[in-house]
Amino acid sequence: MKFEDIIKKENLIYKKTPLMTDNTLSYCPGCGHGTAHRITMEIVEEMGIVQDTIGIAPVGCSVLAYEFMNVDMTQAAHGRAPAVATGIKRCWPDKFVFTYQGDGDLAAIGTAETIHACNRGENITIIFINNGIYGMTGGQMAPTTIEGMRSSTSPYGRDAALMGHPLKMTELVAQLPGTCFVTRQAVHTPSAVRKAKKAIRKAFELQKEKKGTTFVEIVSNCNSGWKMTPVQANKWMVDNMFPFFPLGDIKVPE
Amino acid sequence: MAKELKLMKGNEAIAEAAIRAGSDAYFGYPITPQSEVIEYLMAEKPHERTGMVVLQAESELAAINMVYGAAGTGKKVWTSSSSPGISLKQEGISYIAGSELPCVIVNVVRGGPGLGTIQPSQADYFQATKGGGHGDYHLLVLAPASVQEMADFIGDAFDLAFKYRGPVMILSDGVIGQMMEKVYLKEQVPRLSDDEIAEKYPWATIGKPASRERNIITSLDLDSSKMELHNIHLQSKYRQMEEEEVRFEKINCDDADYLFVAYGSSARICQKSIQLAAEKGIKVGLLRPITLFPFPKKQISEMADKVKGILSVEMSAGQMIEDVKLAVNGRVKVEHFGRYGGIIPTPAEVVDALIEKIIGE
Amino acid sequence: MTEEIIIAGFGGQGVLSMGKILAYSGIMQDQEVSWMPSYGPEMRGGTANVTVIVSDERISSPVLNEFDTAIILNQQSMDKFESAVKKGGTLVYDPNGITHHPERKDINIYSIEAAKKASEMGNTKIFNMVVLGAYLKVKPIVKIENVILGLKKSLPARYHSLIALNKDAITMGMDAVKEINKA
């Protein structure tokens, strides 16, 4: 029996976008990165803009994003993706330029670049994956680690008096006049994925209109770093992360 | 070619010459003694003149990473700073070298270490010529000794950056940046169109057409055997530079008994010292390295067979002298003379040092 | 011909721009020039100085330890640069505010009451041009018509109406310079 005999063409309801490569994802099973990659690439495909799209990969778990996203990509130094994107966009104002960054990259080492790119209103899209932990280096505390949350560098839970408060970057950049669309999404359920994808599309469409910086946070899990099963991790995220990082649009263009 | 004569500071001349060389973008952050570069660019509105982008970044880190991004798209892009700012840029420069991107970095050196002083210095020689950031790499380093060379070298630097697909540094200092001299400016070279860039630089990340695989700009490879091959490739470029790009100037060397080796503003000072020494009956010549990497080893080695001693004159505690000594390989006496921390040696001091350290009693 | 000059005074006296006009004048008569300022915080109200070299030949060091001419406009600069004039060289100074007058006998010394003259002419901003006039009377290294050409080249067009006034100031300086010591 052949593949085509089992799954008939007329029954096809979903197909992997050609803008995701065939390389095996380096992400842990259950991680939200793969979904976030896919919906970003689906938007690029659906909008028909691959020949005009340049992505910036960060340092962190998604450092190898260029292995999976089948678009022209530049890998940036830790935290500098918004500056790299600025350099590209200023030289090619009609191209679509996006960064894909984690919380350590965007909200710790790259805080200055994030805030200033947003404040200048660079016409770029920043996709911010927030899982409250440093995944790649083995589960250390991130600027977005919520109070009481355990990590390898806050083994008894984050103590704000000792370690500072978790940082709400998304609310922060929403205050800046340069941002035009700031939203917080998730990818843990099919409906959340649909909403997140819609938000990314909106961000790219606004980028085309040169309305300012578009900023999409995706609250995600890190079952490995959180030391949970994927299902537990998603539940923990809903119960503990969402109250502190509530989903929804924070700033929308008038 | 019709040329325009102006009286300009070195910092202004390099800015004007960069516009005329058809550069596409400048990203920078103010720091003394080179803030005139971005001030001049902003006042000139190159966006209206040629379409060139000029942006004041939030930091030197951001500026060099803007350069990295833009360079990856095949644009002619540059930045400038002074010593502490160049230290901040080192991470980005290492990425640019590792990712093989063309760009030009101008360092108008001031005294250090740390915040140091705003006065001229040449104490960034090691940083400029031996790599500067992490990893095995070199910048091709040009050292202008006049305002005219500040203007001339920026175009040369872009050509070399694209020839080798790597960062080129123009290593200047507070004297060359701040002084005014006559400068002949070249005519405007048109910027490349987006289509020309797409055709000329097939590696550029400007959006993937259906006709090719995606382009990736990265310095990362987790497979060490591949990373070793990449390093071997980089080293082959540096060996090619040593074969093809050495530049130097010889002054008064034909019948010299002694030799100064000096670059940039120190070379200018030594030219006066040659006159002062001649008045005392001392025949001394000057070999001025114009490229600091690749270093004119062969030319210095040849001079070592002709002179009785060599004085390496630098506004540092003695950095270039190491390369001079390697070239001379013990055949004649090599000594260093320099003032540091922002003090400029006088021509008379250099002659005194020659007599004291090289000629002896 | 090579003339190596240091011009030194307070920031705001027009020391740097006087040097620039001199350098431009040299260019107007096809000479080589260099203009090397002291720079940094000392420009803001403290002492400012600039080394100007005008020569028929390629200029070697733009930084020098002795000079053919020192043009000195405050006491600190007198203390620093009187000794830096080459033997047989020239020192031009404005006695206004000078408490210790130059004492060397081996150099030619001239005084110009530029601050006073500029004030009499009703425009203290032309002070530096009065000084320039005095210097050019003593050392006519550039022709006045080339100074005027240099001014036209270095000043934005909106200031060209002031060129006549600057010319008057130069003439005033030429008339008012006094010889103090002949080496």
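Preceding this section is the structure that the text describes.
Residues numbered from 1 in each chain as written. Chains lettered and ligands numbered in written order. Predicted model: local features only at pLDDT ≥ 70, side-chain atom pairs only at ≥ 80, totals over all residues.

> Any chance you could explain the overall build of chain C here in plain terms?
Per the secondary structure count, chain C includes 6 helices and 7 strands. The order of helices and strands in chain C, counted from the N terminus, is β-α-β-β-β-α-β-β-α-α-α-α-β. Here the C-alpha atoms of chain C give a radius of gyration of 15 Å, agreeing with the 16 Å that 2.2 N^0.38 yields for 183 residues. With the principal axes as the frame, chain C shows a C-alpha extent of 40 × 40 × 35 Å. By the burial criterion, 48% of the 183 residues in chain C qualify as buried. By sequence separation, contacts in chain C at least 24 residues apart represent 62% of the contacts at least 6 residues apart. (Helix = DSSP H or I, 4+ residues; strand = E, 2+ residues; numbered from the N terminus. Rg over C-alpha atoms; globule rule 2.2 N^0.38 Å. Buried ≥ 20, exposed ≤ 12 C-beta atoms within 10 Å, placed from the backbone. Contact = placed C-beta atoms within 7 Å.)

> Whenever I open this one, the environment of Ile200 of chain A confuses me. Can you help?
Residues and elements named next belong to chain A. Examined against the element boundaries, Ile200 turns out to sit in helix α9 (residues 190-208). C-alpha of Ile200 to C-alpha of Ala174: the two residues are 26 residues apart in sequence and 16 Å apart in space. Those residues in contact with Ile200, other than ones at most four positions away along the chain, are Ile39, Thr40, Ile43, Ile127 and Val216.

> Looking at this structure, I do not really get the sheet that holds strand β2 (residues 72-75) of chain A. What am I missing?
Pairing between the strands of a sheet is mediated by backbone hydrogen bonds and can be parallel or antiparallel. One open sheet holds the 8 strands; their spatial order is β9(A)-β7(A)-β8(A)-β4(A)-β3(A)-β1(A)-β2(A)-β9(B), and the pairing between them is mixed. Edge positions in the open sheet fall to β9 (248-251) of chain A together with β9 (216-217) of chain B, since each of these has one partner strand only. Across 5 bridges, strand β3 (residues 96-102) of chain A lies against strand β4 (residues 125-130) of chain A in parallel orientation. Across the sheet, Tyr100 of chain A pairs through a bridge with Ile127 of chain A, a residue of β4 of chain A. Packing of helix α4 (residues 81-91) of chain A onto the sheet brings it into contact with β1 (53-57), β2, β3 and β4 of chain A, and relative to β3 of chain A it is tilted by some 175 degrees. (Pairing = 2+ DSSP bridges. Axes fitted to C-alpha atoms, helices over the stretch in contact; angles between N-to-C directions.)

> What's the story with the packing of α4 of chain A against helix α4 (residues 60-71) of chain B in this structure? I'm lost.
The description of two helices packed together rests on the angle between their axes and the distance between the axes. Running from N to C, α4 of chain A and α4 of chain B point in directions that differ by 50 degrees, and their axes come no closer than 6 Å. Judged by the inter-axis angle, α4 of chain A sits oblique to α4 of chain B. Where α4 of chain A crosses over α4 of chain B, the handedness of that crossing is right-handed. Of the residues in α4 of chain B, those touching α4 of chain A at Ala83, Val84, Ala85, Thr86, Gly87, Ile88, Arg90 and Cys91 of chain A are Ala62, Asn65, Met66, Val67, Tyr68, Gly69 and Ala70 of chain B. Looking at the contact of α4 of chain A with α4 of chain B residue by residue, the classes come out as 10 nonpolar, 4 polar and 1 charged. (Parallel < 35°, antiparallel > 145°, perpendicular 65-115°, else oblique. Left-handed = near helix turned anticlockwise from the far one by under 90°. Nonpolar A, V, L, I, M, F, W, Y, C, P; charged D, E, K, R; others polar.)

> Honestly, the interface of chain C and chain B in this entry has me stumped. Any pointers?
In this assembly, 18 residues from chain C lie in contact with 20 residues from chain B. Sort the elements by how many residues they give to the side of chain C that touches chain B and strand β2 (residues 32-37) of chain C lands first, with 6 residues. The residue inventory of the side of chain C that touches chain B, partitioned by class, reads 11 nonpolar, 5 polar and 2 charged. In this sheet, β2 of chain C lies alongside strand β8 (residues 180-185) of chain B in antiparallel orientation, the contact comprising 2 bridges.

> It is not clear to me how the interface of chain A and chain B should be interpreted in this structure. Could you clarify?
How big an interface is tends to be stated in terms of accessible area lost as the parts join. Between chain A and chain B, the residue contacts involve 29 residues of the former and 33 residues of the latter. When residues of the side of chain A that touches chain B are traced back to their parent elements, those giving at least two are β1, β2, α4 and α6 (111-120) of chain A. Where β2 of chain A lies against β9 of chain B, 2 bridges are found, and the strand directions are parallel. In the strand pairing of β9 of chain B, Thr74 of chain A is matched with Ile217 of chain B.

> Teacher, can you tell me more about the sheet that holds strand β1 (residues 4-9) of chain B here?
Strand order in this open sheet of 9 strands is β1(B)-β8(B)-β2(C)-β3(C)-β1(C)-β4(C)-β5(C)-β6(C)-β7(C), and the pairing throughout is mixed. Single-partner strands in this sheet number two, and they are β1 of chain B together with β7 (178-181) of chain C. For this sheet, the mean angle separating the axes of adjacent strands, direction not counted, is 25 degrees. Pairing analysis gives 6 bridges linking β1 of chain B to β8 of chain B, with the strands arranged antiparallel. For Lys9 of chain B, the partnering residue across the bridge sits in β8 of chain B and is Met180 of chain B. Its contacts with the sheet put helix α4 (residues 127-138) of chain C on β4 (67-72), β5 (85-93) and β6 (108-111) of chain C, and the angle it makes with β5 of chain C is roughly 145 degrees.

> Looking at this structure, how should I read helix α11 (residues 230-244) of chain A?
For an α-helix the count is 3.6 residues per turn, leaving residues at separations of three or four pointing the same way. All names here are of chain A. With 15 residues, α11 extends 20 Å between its outermost C-alpha atoms, agreeing within 8% with the 21 Å of an ideal straight helix rising 1.5 Å per residue. Roughly 35 degrees is the biggest bend found in α11, and it falls at Met237. Ala233, Asn234, Met237 and Met241 are the residues of α11 that are buried. Of the surrounding elements, those touching the buried residues of α11 are β8 (213-219) and α10 (223-226). (Expected span 1.5 Å × (residues − 1). Bend = angle between axes of the 7 residues up to and from the residue.)

> Where do I start with unusual backbone geometry in this structure?
Leaving glycine aside, a negative phi is the common case for residues, and trans is the common case for peptide bonds. Residue and element names in this part refer to chain B. For the peptide bond that leads from Thr32 to Pro33, omega is 5 degrees, which places it in the cis range. Checked against the element boundaries, Pro33 lands in the loop between β2 (25-28) and α2 (35-44). In this structure, Pro294 follows Phe293 across a cis peptide bond, with omega equal to 0 degrees. With respect to the helices and strands, the residue Pro294 is situated in the loop between β13 (291-293) and α12 (297-304).

> Explanation requested: the environment of Ile217 of chain B in the structure shown.
For Ile217 of chain B, the position within the fold is in strand β9. Expressed as a C-alpha distance, the spacing of Ile217 of chain B and Asn11 of chain B, which sit 206 residues apart in the sequence, is 31 Å. Excluding residues that lie within four positions of it along the chain, Ile217 of chain B makes contacts with Thr74 and Gln75 of chain A together with Gly72, Ser99, Leu101 and Thr205 of chain B.

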